[in-house]
Amino acid sequence: LSHITFFGSSVCNGQGAEEVYHVKHGYAWLYAQLLDERHEADPTAGFYTYSNTSVNGINTIRHLEMLPTHLPANSGFAVIGLGLGNEGLHGASDQQAVYDQWKTNMQTIILMAQQTGKQVVVTNNYPRGDYNPTDYSFVKRMNLEMHEWDVPTVNFLGALDNCQGNVQWADGYQNGDDIYHPGQAGYVEMLHSFVPSLFDA
């Protein structure tokens, strides 16, 4: 099946992106447009439809609860877009416990989606305007672990990190004073993190 469902939290939902007719032009929408343009230019390239069932503010616990109703039966692919931010990493009294919870739940989410016949792609952790060097050490370690999982991952951190060791947004990519979400330029960089032929492969 050539339908791609994006299911994650507010960044996957496109919060902070340009919005036209109530459609947020975040990375999911931008990627769907890219795939359409690719198919129009080359009809032999894969043709895909897409949906976005993301919910602002959810963490892995809520994602697990919602997963059965938010991955349509006609979807052959699931892009899971969650981060350690909504899990409560920043400011947690026990950041290792948050880390472990996110990792365990993410692996369960992947398995549940695979058991319904979905091919799964996972986006990795990305910056936030309130992260600090301690947060960065956990984010970086988690992303390195994710790259060893048996699913494709998309490197958002590499595209958006300010490279100052605190995993905050690079200049021009934060959504104004909103420290939690990228602006349109940031979403375009997220788009460029996806390989156009990923789902063909």
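Let us look at the structure shown here. (Residues numbered from 1 in each chain as written. Predicted model: local features only at pLDDT ≥ 70, side-chain atom pairs only at ≥ 80, totals over all residues. Heavy atoms only, no water.)

**A few points about the packing of aromatic side chains**
(1) Moving on: Applying the stated criterion across every chain yields a total of 13 aromatic pairs.
(2) Moving on: Summarising the aromatic geometry, the rings of Tyr27 and Phe156 are spaced 4.8 Å apart at their centres and angled 65° between planes, so their arrangement reads as edge-to-face. Of this pair, Tyr27 sits in helix H2 (residues 27-41) while Phe156 sits in helix H7 (residues 156-160), and the two are 129 residues apart along the sequence. Just as Tyr27 is buried, Phe156 falls in that class too.
(3) Moving on: Site record: aromatic cluster; members linked through ring pairs are Phe6, Tyr27, Tyr31, Tyr48, Tyr50, Phe77, Phe156, Phe194 and Phe199.
(4) Moving on: The ring of Tyr99 carries the charged tip of Arg141 above its face, separated from the ring centre by 4.2 Å. (Phe/Tyr/Trp six-rings, centres within 6.5 Å; stacked < 30°, edge-to-face > 60°. Helix = DSSP H or I, 4+ residues; strand = E, 2+ residues; numbered from the N terminus. Buried < 20%, exposed > 50% of the residue type's maximum accessible area, 1.4 Å probe, protein only. Lys NZ or Arg CZ within 6 Å of the ring centre and 35° of its normal.)

**Re the pattern of salt bridges**
(1) Moving on: All told, the structure shown has five salt bridges when counted by the stated rule.
(2) Moving on: Across the pair Arg62 and Glu65 runs a salt bridge whose closest N-O atoms are separated by 3.0 Å. On the criterion of helical spacing, the pair formed by Arg62 and Glu65 is a turn pair, its members being three residues apart in helix H3 (residues 60-70).
(3) Moving on: By relative accessible area, Glu65 is classed as exposed at 53%.
(4) Moving on: Residues Asp130 and Arg128 are paired through a salt bridge, measuring 2.8 Å at the closest nitrogen-oxygen approach.
(5) Moving on: Accessibility expressed as a relative area gives 17% for Asp130, which makes it buried.
(6) Moving on: For Arg128, a relative accessible area of 12% translates into the label buried. (Salt bridge = Lys/Arg side-chain N within 4 Å of Asp/Glu carboxyl O.)

**Re empty space enclosed by the protein**
(1) Moving on: Applying the stated criterion across every chain, the model contains one cavity of 30 Å³ or more.
(2) Moving on: Considered as a void within the structure, the largest cavity measures approximately 30 Å³ in volume.
(3) Moving on: Each residue belonging to the lining of the largest cavity can be placed in one class, and the counts come to three nonpolar, three polar and one charged. (1 Å grid on protein atoms, 1.4 Å probe; cavity = no way out; pocket = protein on both sides within 12 Å on 5 of 7 lines; lining within 4 Å. Points joined across faces, edges and corners; volume = space filled by probe spheres on them. Nonpolar A, V, L, I, M, F, W, Y, C, P; charged D, E, K, R; others polar.)

**Quick word on the environment of Ala28**
(1) Moving on: Structurally, the position occupied by Ala28 is in helix H2.
(2) Moving on: The buried category is assigned to Ala28, whose relative accessible area is 2%.
(3) Moving on: With 95 residues separating them along the chain, Ala28 and Thr123 place their C-alpha atoms 11 Å apart.
(4) Moving on: In this structure Ala28 touches Phe6, Cys12, Tyr50 and Asn52, once residues within four positions along its chain are discounted. (Contact = heavy atoms within 4.5 Å.)

**Here we look at the packing of H3 against helix H5 (residues 95-115)**
(1) Moving on: The geometry of H3 relative to H5 is characterised by a closest axis approach of 9 Å and an angle of 10° between their N-to-C directions. When the axes of H3 and H5 are compared, the pair comes out roughly parallel. When you trace H3 past H5, the crossing you get is left-handed. Facing H3, whose interface residues are Thr60, Ile61, His63, Leu64, Leu67 and Pro68, H5 presents Gln101, Trp102, Asn105, Met106, Thr108, Ile109, Met112 and Ala113.
(2) Moving on: Within the contact of H3 with H5, the residues separate by chemical class into nine nonpolar, five polar and no charged. (Axes fitted to C-alpha atoms, helices over the stretch in contact; angles between N-to-C directions. Parallel < 35°, antiparallel > 145°, perpendicular 65-115°, else oblique. Left-handed = near helix turned anticlockwise from the far one by under 90°.)

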